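# Analysis of the macromolecular model
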Amino acid sequence: MNHISSGHLLRREVEKGSATGQRVRLFLEKGELVPDRNVLLFMGEWMKSAPLNEGFLLDGFPRTMIQARALDGWLAARNAPIEAVILFACDLKLVLDRITGRWSCPKCGRVYHVYSVPPRVAGLCEDCSIPLTPAG
């Protein structure tokens, strides 16, 4: 089964230095959600060529109703209905701690967490030595 992370696809596009990657970079550096139109470009390209018969797990997608509707359309076009959806029910404090404690490097995309995976030097990427940004 393939694990597809929309965040990973977006960071990879930023690394390529494409025009779309440069637009996406601005949102990632600020720790903001990337607009639907940009996310849909990446995920739509993946969906066109993905080997769906092996199964896949989407991570971080869809995040909005617009994205969910697009996913439904792409899957219908390939005759590949959703077989399962996983919903994790968690304590609100745990969710907030996980979200607010997450930081990433805007250059290499490495992810840190202030509680579980902190950088050696607070606020700096261990690989790039540049300031970390909130990761949402």
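Scroll up to find the structure.
Residues numbered from 1 in each chain as written. Predicted model: local features only at pLDDT ≥ 70, side-chain atom pairs only at ≥ 80, totals over all residues. Heavy atoms only, no water.

In any sheet, the strands associate via hydrogen bonds between backbone groups, in a parallel or an antiparallel arrangement. Strand order in the open sheet made by the three strands is β4-β3-β5, with antiparallel pairing throughout. Taken across any chain shown, the strands that pair with only one partner, and hence form the sheet edges, are β4 (111-113) and β5 (133-134). Sheet analysis places strand β3 (residues 102-104) next to β5, joined by two bridges and oriented antiparallel. Counterpart to serine 104 in the pairing with β5 is threonine 133. (Pairing = 2+ DSSP bridges. Helix = DSSP H or I, 4+ residues; strand = E, 2+ residues; numbered from the N terminus.)

Going through the model one piece at a time under the given rule, you end up with six salt bridges. Notably, a salt bridge pairs glutamate 13 with lysine 16, separated by 3.3 Å at the nearest N-O pair. With glutamate 13 and lysine 16 both in helix α1 (residues 6-16) and three residues apart, the pair spans about one turn of that helix. Taking the relative accessible area as the measure of exposure, glutamate 13 reaches 15% and is therefore buried. The salt bridge involving glutamate 126 is made with arginine 120; its shortest N-O contact spans 3.3 Å. A relative accessible area of 23% places glutamate 126 in the partly exposed class. The structure contains a network of salt bridges with shared partners spanning Arg110, Arg120, Glu126 and Asp127. (Salt bridge = Lys/Arg side-chain N within 4 Å of Asp/Glu carboxyl O. Buried < 20%, exposed > 50% of the residue type's maximum accessible area, 1.4 Å probe, protein only.)

Turning next to the side chain of threonine 20. Relative to the elements of secondary structure, threonine 20 occurs in helix α2 (residues 19-30). Look at threonine 20 and you get buried, because its relative accessible area is 18%. A distance of 3.0 Å separates a polar atom in the side chain of threonine 20 from a polar atom in the side chain of arginine 23. With residues near it in sequence (within four places) discarded, threonine 20 still touches Asn38, Leu41 and Phe42. (Polar contact = N/O pair within 3.5 Å; in protein donor to acceptor, adjacent residues only side chain to side chain. Contact = heavy atoms within 4.5 Å.)

Bringing unusual backbone geometry into the picture now. In this model, phenylalanine 61 is joined to proline 62 through a cis peptide bond whose omega is -5°. Summarising the element assignment, proline 62 is placed in the loop between β2 (56-59) and α4 (65-77). The backbone phi angle of asparagine 79 is positive, close to 50°, even though this residue is not glycine. You can see asparagine 79 is positioned in the loop between α4 and α5 (92-100). For serine 129, which is not glycine, the phi dihedral falls at a positive 55°. Mapped onto the elements of the fold, serine 129 is located in the loop between β4 and β5. Judged by relative accessible area, serine 129 falls into the exposed class, the value being 55%.

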